[in-house]
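# Analysis of the macromolecular model
Residue strings, one per chain:
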Amino acid sequence: MSLPPCPKCSSEYTYEDGAQLVCPECAHEWSADGAADAGDDVKVIKDAVGNTLQDGDTVTVIKDLKVKGSSLVVKVGTKVKNIRLVDGDHDIDCKIDGIGAMKLKSEFVKKG
Ligand SMILES: [Zn+2]
């Protein structure tokens with residue numbers, strides 16, 4: 001196995017110290033998985049069974065959901081096309097036939 005060279009001085013004598021990598025030559029310390037999360041802070045939103053959801057996906061509602069402020073209910077099994085992922089407690093923005101624009105929680109849908 002080979003450890004990456006020190007990003008500071010390019011020394012090849014880096015060693016692992018727990019989750020950190022350490023350079024013995026310049027004493028620089030950095031995270032071993034730093035390369036994986038560099039500039040990659042995209043929030044991953046998953047459905048009820050752990051599939052990663054993306055904008056434009058079609059999902060199926062897995063439980064009856066009351067629509068806030070109305071007597072409407074989104075029935076279990078309702079297909080929702082062309083979802084849009086958003087930030088927040090309700091992380092799916094969508095439009096449902098017969099109901100209109102609303103927001104859903106990803107934990108109550110299944111991809112496909
Ligand atoms: Zn170094």
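Cut-offs used in this document
Residues numbered from 1 in each chain as written. Predicted model: local features only at pLDDT ≥ 70, side-chain atom pairs only at ≥ 80, totals over all residues. Heavy atoms only, no water. UniProt positions renumbered as here; feature names shortened; annotations may be inferred. Helix = DSSP H or I, 4+ residues; strand = E, 2+ residues; numbered from the N terminus. Salt bridge = Lys/Arg side-chain N within 4 Å of Asp/Glu carboxyl O. Domains from an automatic or database assignment. Buried < 20%, exposed > 50% of the residue type's maximum accessible area, 1.4 Å probe, protein only. Pairing = 2+ DSSP bridges. Donors = N, O, S within 2.8 Å, 3.2 Å for Na, K, Ca; no water. Tetrahedral: all angles 85-135°; square planar, octahedral: opposite > 155°, others 65-115°.

- With an unreviewed UniProt entry as reference, the protein chain is termed Protein YjdM, source organism Pseudomonas abietaniphila.
- Regarding the protein chain, the UniProt comment filed under Sequence similarities (unreviewed entry) reads as follows: "Belongs to the YjdM family."

### What about the UniProt feature "domain: Protein YjdM N-terminal" (unreviewed entry) in the protein chain?
- Taking the UniProt record as the reference, the feature "domain: Protein YjdM N-terminal" (unreviewed entry) is found at residues 2-31.
- The straight-line gap between the two end C-alpha atoms of residues 2-31 is 15 Å; of that span, 0% is helix and 30% is strand.

### Looking at the pattern of salt bridges
- On inspection of all chains with the given rule, the structure shows three salt bridges.
- Among the salt bridges present, the one from D57 reaches K111, with a minimum N-O distance of 3.4 Å. Of this pair, D57 sits in the loop between helix 1 (34-37) and strand 4 (59-61) while K111 sits in strand 11 (residues 109-111), and the two are 54 residues apart along the sequence.
- Here D93 ties to R84 by a salt bridge, and the two come within 3.0 Å at their closest N and O atoms.

### Let's talk about the domain arrangement of the protein chain
- Domain parsing of the protein chain yields domain 1 (1-39) and domain 2 (58-111).
- Computed from C-alpha atoms alone, the centre-to-centre distance between domain 1 and domain 2 is 45 Å.

### Structural notes on unusual backbone geometry
- Backbone geometry places S10, a non-glycine residue, at a positive phi of 65°.
- Mapped onto the elements of the fold, S10 is located in the segment before strand 1 (15-17).
- By relative accessible area, which is 52% here, S10 ends up exposed.
- Of note, the phi angle at A27 is positive, near 65°, even though the residue is not glycine.
- Position of A27 relative to the elements: it lies in the loop between strand 2 (20-22) and strand 3 (29-31).
- A residue is classified by how much of its surface remains accessible, and A27, at 58% relative accessible area, is exposed.

### Side note on the sheet that holds strand 9 (residues 92-96)
- On the basis of which strands lie adjacent, the open sheet formed by three strands has the order 8-9-10 and antiparallel pairing. In this open sheet, the two edge strands, each paired with only one partner strand, are strand 8 (84-85) and strand 10 (100-104).
- Pairing geometry for strand 8 and strand 9, over two bridges, is antiparallel. Of the residues in strand 9, the one forming a bridge with R84 is D93.

### Quick look at the coordination of the zinc ion
- Distances from the zinc ion to its protein donors, C6 (SG), C9 (SG), C23 (SG) and C26 (SG), fall within 2.2 to 2.4 Å.
- In this structure, the zinc ion is coordinated by four donor atoms arranged in tetrahedral fashion, with angles at the metal of 105 to 115°.
- Spacing between the donor residues of the zinc ion along the chain follows C-x2-C-x13-C-x2-C.
- Accessibility expressed as a relative area gives 34% for C9, which makes it partly exposed.

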